[in-house]
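Listed here are the chains, written in short residue letters.
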Amino acid sequence: MKRTLLLIGTNLAIMVVLGLVTTLTGAHRFFSGAGLDLGKLLFFALIMGFGGAFISLWMSKTLAKWSTGAQVIESPGNSTEYWLFETVRRFSEQAGLPMPEVAIYEGEPNAFATGATRNRSLVAVSTGLLQNMTRAEAEAVIAHEVAHIANGDMVTLTLIQGVVNTFVVFIARVVGWLVDSALRKGDAESSGPGIGYTITVVVCDIVFGILASIIVMYFSRSREFRADAGAAKLLGTPRPMVDALRRLGGMEAGELPQNVASAGINGRPGWMALFSSHPPIEERIAALEGGRR
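Residues numbered from 1 in each chain as written. Predicted model: local features only at pLDDT ≥ 70, side-chain atom pairs only at ≥ 80, totals over all residues. Heavy atoms only, no water.

*Asks:* Give a description of the sheet that holds strand β6 (residues 120-126) that names residues and reports values.
*Replies:* Read from one edge to the other, the open sheet built from 4 strands follows the order β3-β4-β6-β5, with strand pairing classed as mixed. Each edge of the open sheet is held by one strand with a lone partner, namely β3 (71-72) and β5 (111-117). Direction of pairing for β5 relative to β6: antiparallel, over a ladder of 6 bridges. Looking at β6, one finds that Ala113 is bridged to Val123. Seen against the sheet, helix α2 (residues 38-68) touches β3, β4 (101-105), β5 and β6 and runs at an angle of roughly 145° to β5. Strands in contact with helix α5 (residues 135-150) are β5 and β6; relative to β5, the strand with the most contacts, it is inclined by about 20°. (Pairing = 2+ DSSP bridges. Helix = DSSP H or I, 4+ residues; strand = E, 2+ residues; numbered from the N terminus. Contact = heavy atoms within 4.5 Å. Axes fitted to C-alpha atoms, helices over the stretch in contact; angles between N-to-C directions.)

Given below as structure tokens:
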């Protein structure tokens, strides 16, 4: 419930901020006496598309801590924390990264990396993962998360999300205008968009948004293969990563908040593979063992 309320509240706050920006800049006034001003509409779509994506990225680390209850290790208090902190530090140095924040959170086996930039990142590991994996397997998971940061996956997915969001906003309103114009054809007394525009935009936002999610999830899955390969490079061998994936395949993965789910080591399979942020574990193992080209 806490995670759901936090997500809803964050999304509402983002929409309020973007609404104010579009109002103050006049970007929301993309209807003119001549019809639809495509230039202003594109400006509006860019603000809504990239604005929401980058605000979410900027807030990702803070939201991840709040939603998971992750406790950042300022100074290791026991042997497990010391091992985790030093493992992240070692892999970060190998990858040429500044030291990320390191955190532990209560939950079933999982881990994630997040942060707005490579210089302001976070690696968080669940207690379930630390308790149920061998040190070698846990090291592989940590290397996978460090590889996500080194590859710049959070920023890449944000840019992809911004592009598809922009197209959704732009195309939905063009279609809405076309439908509304067709419905009001011959009505010289009406001016401005009507109910046909509003209904069409809402429907198109939903339909195009679903299609956009498929595109984003496709790129998310491709990033998992790259992070697995990056982990194998940091470890010097793919075997620990293969063992970790096989162990995860036999576990119930802990659920992550939506804003960091795509950067986790594992996730619950979606009701359709197209909407899954992670590839099947069997495919990831095959890729590491040379079965995927």
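Now that the structure has been shown, we can carry on.
*Asks:* Any chance you could break down α2 for me, citing the residues and the numbers?
*Replies:* The terminal C-alpha atoms of α2, which comprises 31 residues, lie 42 Å apart, in line with the 45 Å expected from a rise of 1.5 Å per residue. Along α2, the helix axis deviates most sharply at Ser60, where the bend reaches about 55°. Sitting at the amino-terminal end of α2 is Asp37, which places a side-chain oxygen 3.1 Å from the backbone nitrogen of Gly39. Following α2 by one or two positions, Gly69 adopts a phi angle in the positive range, close to 75°. (Expected span 1.5 Å × (residues − 1). Bend = angle between axes of the 7 residues up to and from the residue. Polar contact = N/O pair within 3.5 Å; in protein donor to acceptor, adjacent residues only side chain to side chain.)

*Asks:* Tell me about the packing of α5 against helix α7 (residues 195-235), residues and numbers included.
*Replies:* Contact geometry for α5 and α7: axes closest at 7 Å, N-to-C directions at 120°. Overall, the two elements α5 and α7 adopt an arrangement that is oblique. By crossing handedness, the relation of α5 to α7 is classed as right-handed. Across the interface between the two elements, Glu139, Ala140, Ala143, His144, Val146, Ala147 and His148 from α5 touch Arg223, Glu224, Ala227, Asp228, Gly230, Ala231, Leu234 and Leu235 from α7. Of the residues in the contact of α5 with α7, the class split is 8 nonpolar, 3 polar and 4 charged. (Parallel < 35°, antiparallel > 145°, perpendicular 65-115°, else oblique. Left-handed = near helix turned anticlockwise from the far one by under 90°. Nonpolar A, V, L, I, M, F, W, Y, C, P; charged D, E, K, R; others polar.)

*Asks:* Give a description of helix α3 (residues 79-94) that names residues and reports values.
*Replies:* An ideal rise of 1.5 Å per residue puts 22 Å on 16 residues; α3 measures up with 22 Å between its terminal C-alpha atoms. By the burial criterion, the buried members of α3 are Trp83, Leu84, Thr87, Val88, Phe91 and Ser92. Down the axis, α3 shows its buried residues gathered within 160° of arc, on one side only. Those residues of α3 that are exposed and aimed more than 90 degrees away from the buried face are Ser79, Tyr82 and Glu93. (Buried < 20%, exposed > 50% of the residue type's maximum accessible area, 1.4 Å probe, protein only. Arc of directions from axis to C-beta.)

*Asks:* How would you explain the pattern of salt bridges if you had to name every residue and give the values?
*Replies:* Using the criterion set out here, one finds 13 salt bridges in the structure. A salt bridge links Glu86 to Arg89; the shortest N-O distance between them is 2.6 Å. Pair noted here: Glu86 and Arg89 are both in helix α3, with a separation of 3 residues, about one helical turn. Across the pair Arg239 and Glu289 runs a salt bridge, and its minimum N-O distance is 3.7 Å. With Arg239 in helix α8 (residues 239-249) and Glu289 in the segment after α9 (281-288), the pair connects residues that are 50 residues apart, well separated along the chain. Overall, Arg239 belongs to the partly exposed group, its relative accessible area being 40%. Judged by relative accessible area, which is 44%, Glu289 ranks as partly exposed. In this structure, a network of salt bridges that share partners links the residues Arg239, Asp243, Arg246 and Glu289. (Salt bridge = Lys/Arg side-chain N within 4 Å of Asp/Glu carboxyl O.)

*Asks:* Account for the pairing of β6, with residues named and values stated.
*Replies:* Across a regular strand the side chains alternate sides, sitting on one face of the sheet and then on the other. With 6 of 7 residues buried, β6 lies mostly within the body of the structure. Examined bridge by bridge, β4 and β6 share 5 bridges and lie parallel to one another. Residue Tyr105 lies in a different strand from β6, and its bridge partner there is Ser126. From the end of β5 to the start of β6, which pair antiparallel, there are 2 residues.

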